[in-house]
Amino acid sequence: MIEKRKPLAVKEAINQILKFSIKGTSEYVSLQDSDGRYLAEDLIADHHVPPFDRSPYDGFAIRSVDTTEASSENPVEFEVIDEIGAGAVSNFTLRKNQAIRIMTGAQIPSGCDAIVMLELTKVYKKNEKMFMSIKRRFSSGDNISFKGEDTKKGTILVKKGTYITPGIIALLATFGYSKVAVGKKPKIGIIATGSELLEIDEPLVPGKIRNSNSYMIESQVKRCGAEPVFFGKLVDDLNTCYEAVKQALEEVDFLITTGGVSVGDYDYLPEIYQLLGANVLFNKVAMRPGSVTTVAEYNGKLLFGLSGNPSACYVGFELFVRPIVRTFLHSNYPHLQKTKAVLGKDFLKPNPFTRFVRGRMSFSDGTLIATPVGLDKSNVVTSLADANIFIVLPGGTRGYQAGDLVEILMIEDQIGSDIPWAESFK
Ligand SMILES: Nc1nc2c(c(=O)[nH]1)N[C@H]1C(S)=C(S)[C@@H](COP(=O)(O)OP(=O)(O)OC[C@H]3O[C@@H](n4cnc5c(N)ncnc54)[C@H](O)[C@@H]3O)O[C@H]1N2
Ligand code: MOO
Ligand SMILES: [Mg+2]
C-alpha cells in the first residue's frame, strides 16, 4: 500500500524548519570581498564626517563681517593672501579684508566663517598682488560644510546583519574597515537524483533529459548568499544515493537533494531518511507546486528533499532553504518580502492548496502589477526564466481575475523582511 501523506500547512512547515535555524560563525574578508555579504558587526563611525570644516565650493574663504557694506553699487575688495586645493591646509589666519582662494573639499582656514563661490567674485591683480571683490553680503556659516554634519563619531550607522550594498561599502571605506566581519557562508551540498538525467553537454537520447535542477539550485544558493557544493547527479539506486547523502552530510552545513522524494518505485529519499535515522519534519506541504517537499533533520543538520520537478524544486528552495541560509548569514531580515499587487491577467484555476504562481512584477502608472508567467505546472522549466515573484494564491479559493489584489513574494529582493511572510497564510 502506498503511504498516504498528511499535508502540513505552509506556515507550519516553515515554523518547523525555523526551529532548527542557526546563526553561523563570522569571518573577516577584505573590503572588496565584503560586497553582497552580511555584516557580522555593527558599522560604527569612528570619527566625525566630515572630519574638519570644509569648503563645498571652489571659491574664496572670507570673514563674513567684512561684507557688511557690500552691495551691487559698493563692491568690497579683498586681498587674496593664499590659495589651497583639497588636501592642503593654509597656515594663514584671515584678517580684515583678506581672502584665501580655496577649492572644494579643502579645510576651512582659521578666521574664515563663509565661502564665496568663484562665480560671484571679480578677480584682478594690482601692484603684483591678487585681489577679488564681491557685491553682496554673506552671513557667518554661509557655504561651510561643518565637521560632523554628515555623521558624528560613535554613531551606529549600519546594524549587524545588514546586506552589504555599494553605499555600505562607501561607509566601510570611509571608516577604514580594510577587513570586514561578515557572516560565514554556509556550505550547501547539492545532489541531483534520477536515472534519466544527462550531463549538460550530452546529446538528448530517448527517455532522458538534461539535469537542470542542480545548476538552478547552485544559482539559487549563490543568489541567497551561500556556497554551493555539488556532489554530482546520481542514478536512482538506493545504495548509491544513501552513501552519497551520508558522505555529503559530513562535509556541508545543509544538504539539498532534488528528485526521488515522492512515492514512486525509484523514489529513494524516504528510505534514505529512514536508513539514516533522520527525523523527518514533514513530507507533504499543502502547497502547489512543491507539495512533495520533504525536510528532515539529522544531527542538527537540515536535509532538504526538494522535488525533481523544476518549478516545484525552485519554489521549495525559495520558501524553505532561503530563510535558513539568511539566518545562518546573520541577516536580520531572513524572510521573503511580501507585498500586494494587482493581478495582471486572469488565473482561473481553483486552488485547493496554497499556490505559488511564478510571476513577474512590473509598474504601470505607479501601480505594482503581478503577471503570471508561463505554464503553471510543477514540471515546467521555461516559466522560471521570467519569474521574479511568486504570486501567493491562498488555498480554498476559486481562481482570480485580472485586477484582483493579490499578495506577492519578491524572490529577487536581497534585503528581505524580519516578518515571516507565512504568518498570515494557511
Ligand atoms: N502517485 C503519485 N505520483 C506523484 C505524486 C503523488 O503524490 N503521487 N506527486 C507528484 C508531484 S506533486 C511531484 S512534484 C513529483 C515529485 O517527484 P520526485 O520529487 O519524486 O522527483 P522524480 O520522480 O525524481 O522526478 C520528477 C520529475 O522531475 C524530473 N527531474 C528530476 N530531477 C531533475 C533534474 N535534476 N533536472 C531536471 N528535471 C529533473 C524528472 O525527470 C521527472 O520528470 O511526483 C509526482 N508524482
Ligand atoms: O510537489 Mo508537486 O510540485 O505539488 O506538483
Ligand atoms: Mg518521483
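Above this note sits the structure.
Residues numbered from 1 in each chain as written. Chains lettered and ligands numbered in written order. Predicted model: local features only at pLDDT ≥ 70, side-chain atom pairs only at ≥ 80, totals over all residues. Heavy atoms only, no water.

Caption draft 1: Region of interest: the packing of aromatic side chains. Applying the stated criterion across every chain yields a total of 8 aromatic pairs. A ring pair is formed by F282 and F320, whose centres lie 5.7 Å apart and whose planes are at 50°; its orientation type is tilted. With F282 in strand β16 (residues 279–282) and F320 in helix α6 (residues 310–328), the pair connects residues that are 38 residues apart, well separated along the chain. On the basis of relative accessibility, which here comes to 1%, the residue F320 falls in the buried class. Judged by centre distance (6.0 Å) and plane angle (75°), the ring pair of Y314 and F390 falls under edge-to-face. Taken together, the residues span a long stretch of sequence, with Y314 in helix α6 and F390 in strand β23 (residues 389–393) at a distance of 76 residues. For the pair formed by Y314 and F390, the shared burial category is buried. Three or more aromatic residues joined by ring pairs make a cluster, and in this case those are Y314, F356, F390 and W421. The side chain of K126 reaches across the aromatic face of F131, ending 4.7 Å from its centre. It is R136 that lies over the ring of F138; its NZ or CZ is 4.1 Å from the centre. (Phe/Tyr/Trp six-rings, centres within 6.5 Å; stacked < 30°, edge-to-face > 60°. Helix = DSSP H or I, 4+ residues; strand = E, 2+ residues; numbered from the N terminus. Buried < 20%, exposed > 50% of the residue type's maximum accessible area, 1.4 Å probe, protein only. Lys NZ or Arg CZ within 6 Å of the ring centre and 35° of its normal.)

Caption draft 2: Region of interest: the site of ligand 1. Close to ligand 1 lie 20 residues; E196, N211, G260, S262 and G308 are nearest. A distance of 3.2 Å is found between a nitrogen atom of ligand 1 and a backbone nitrogen or oxygen belonging to N213. At a separation of 3.0 Å, an oxygen atom of ligand 1 approaches a polar backbone atom of G260. In the complex, 69% of the free accessible area of ligand 1, which totals 870 Å², lies under the protein chains. Under a 2 Å grid-point criterion requiring more than half of the atoms, the pocket assigned to ligand 1 is the largest pocket. Per-class residue counts for the shell around ligand 1 are 5 nonpolar, 12 polar and 3 charged. (Near = heavy atom within 4 Å. Polar contact = N/O pair within 3.5 Å; in protein donor to acceptor, adjacent residues only side chain to side chain. Areas by Shrake-Rupley, 256 points an atom, 1.4 Å probe, with all protein chains shown as cover. 1 Å grid on protein atoms, 1.4 Å probe; cavity = no way out; pocket = protein on both sides within 12 Å on 5 of 7 lines; lining within 4 Å. Sits in = over half its atoms within 2 Å of the grid points. Nonpolar A, V, L, I, M, F, W, Y, C, P; charged D, E, K, R; others polar.)

Caption draft 3: Inspection of the pattern of salt bridges at higher detail. What the rule picks out here adds up to 12 salt bridges. The partner of R223 in a salt bridge is E412, and the shortest N-O contact between them spans 3.4 Å. Highlighted residues: R223 in helix α3 (residues 213–223) and E412 in the segment after β24 (405–410), separated in sequence by 189 residues. Look at R223 and you get partly exposed, because its relative accessible area is 23%. Residue R322 is joined to E318 by a salt bridge in which the shortest nitrogen-to-oxygen separation is 2.9 Å. (Salt bridge = Lys/Arg side-chain N within 4 Å of Asp/Glu carboxyl O.)

Caption draft 4: Region of interest: the packing of helix α4 (residues 238–251) against helix α5 (residues 269–276). The interhelical angle for the contact between α4 and α5, taken along N-to-C directions, is 55°, at an axis separation of 10 Å. When the axes of α4 and α5 are compared, the pair comes out oblique. Helix-helix and strand crossings are classified by hand; for α4 and α5 the assignment is right-handed. Of the residues in α5, those in contact with L238, C241, Y242, V245, K246 and L249 of α4 are E271, I272, L275 and L276. (Axes fitted to C-alpha atoms, helices over the stretch in contact; angles between N-to-C directions. Parallel < 35°, antiparallel > 145°, perpendicular 65-115°, else oblique. Left-handed = near helix turned anticlockwise from the far one by under 90°. Contact = heavy atoms within 4.5 Å.)

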